[in-house]
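Chain by chain, the residues:
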Amino acid sequence: MELLFVALGGAIIGLAARYFLPHRHTHGAVLIPALGVMVSSALWVALTWAGLKWNGGWIWWITLVGTAVIVAVSDIVIGRVRTAQDDRLLADLSKGAVAR
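It should be emphasised that the depicted structure is a prediction, and the values quoted were computed from it without experimental measurement.

1. Focus: unusual backbone geometry
Line of reasoning, step 1. A positive phi angle, near 70 degrees, is found at histidine 23, a position not held by glycine.
Line of reasoning, step 2. Topologically, histidine 23 is positioned in the loop between α1 (2-20) and α2 (31-49).
Line of reasoning, step 3. With a relative accessible area of 23%, histidine 23 lands in the partly exposed category.

In structure tokens:
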């Protein structure tokens, strides 16, 4: 049951990152929230395998803060990479070069 709450928390963190961070026009509407669900679930399972108790506070803090950090970094990196690729492709197409 806790894993469901963790996945919901990851989705909420992902939605917040999608709408509060820049470059939201460079990726789909579900990419960052889905990443939040996957990261939070994977962190939670890894931490339970590491022996942290489900009803302890540390597992919640590590999972949710770790998810927020990973989602924020991923959103910024994806946005910058896609913007750079789009700019390069536009420059190539403007010169008449063939798209890769």
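That was the structure; now back to the text.
2. Looking at the confidence of the model for the protein
Line of reasoning, step 1. Overall, the prediction assigns the protein a mean pLDDT of 93, with 96% of residues at 70 or greater.
Line of reasoning, step 2. Confidence, read as mean pLDDT per element, is least for helix α3 (residues 57-95) in the protein (94) and greatest for α2 (97).

3. Concerning the side chain of aspartate 75
Line of reasoning, step 1. Note on placement: aspartate 75 falls in helix α3.
Line of reasoning, step 2. One buried charged residue, aspartate 75, forms no salt bridge at all, with the nearest opposite charge on arginine 18 at 6.2 Å.
Line of reasoning, step 3. Among the polar contacts made by the side chain of aspartate 75, one reaches the side chain of histidine 27 at a distance of 2.9 Å.
Line of reasoning, step 4. Excluding residues that lie within four positions of it along the chain, aspartate 75 makes contacts with Ala17, Leu21, Pro22, His27 and Ile32.

4. Comments concerning the environment of isoleucine 70
Line of reasoning, step 1. Within the secondary structure, isoleucine 70 is located in helix α3.
Line of reasoning, step 2. Between the alpha carbons of isoleucine 70 and leucine 52 there is a distance of 21 Å; along the sequence they are 18 residues apart.

5. Here we look at α2
Line of reasoning, step 1. The end-to-end C-alpha distance of α2, which contains 19 residues, comes to 27 Å, matching closely the 27 Å that a straight helix rising 1.5 Å per residue would cover.
Line of reasoning, step 2. All buried positions along α2 are accounted for by Ile32, Pro33, Leu35, Gly36, Val39, Ser40, Ser41, Trp44, Leu47 and Thr48.
Line of reasoning, step 3. Those residues of α2 that are buried lie in contact with α1 and α3.
Line of reasoning, step 4. Positioned one or two residues after α2, glycine 51 has a phi angle of 105 degrees, which is positive.

Reading the values: the criteria
- Residues numbered from 1 in each chain as written.
- Predicted model: local features only at pLDDT ≥ 70, side-chain atom pairs only at ≥ 80, totals over all residues.
- Heavy atoms only, no water.
- Helix = DSSP H or I, 4+ residues; strand = E, 2+ residues; numbered from the N terminus.
- Buried < 20%, exposed > 50% of the residue type's maximum accessible area, 1.4 Å probe, protein only.
- pLDDT = per-residue confidence, 0-100.
- Lys, Arg positive; Asp, Glu negative; His and termini not counted.
- Salt bridge = Lys/Arg side-chain N within 4 Å of Asp/Glu carboxyl O.
- Polar contact = N/O pair within 3.5 Å; in protein donor to acceptor, adjacent residues only side chain to side chain.
- Contact = heavy atoms within 4.5 Å.
- Expected span 1.5 Å × (residues − 1).

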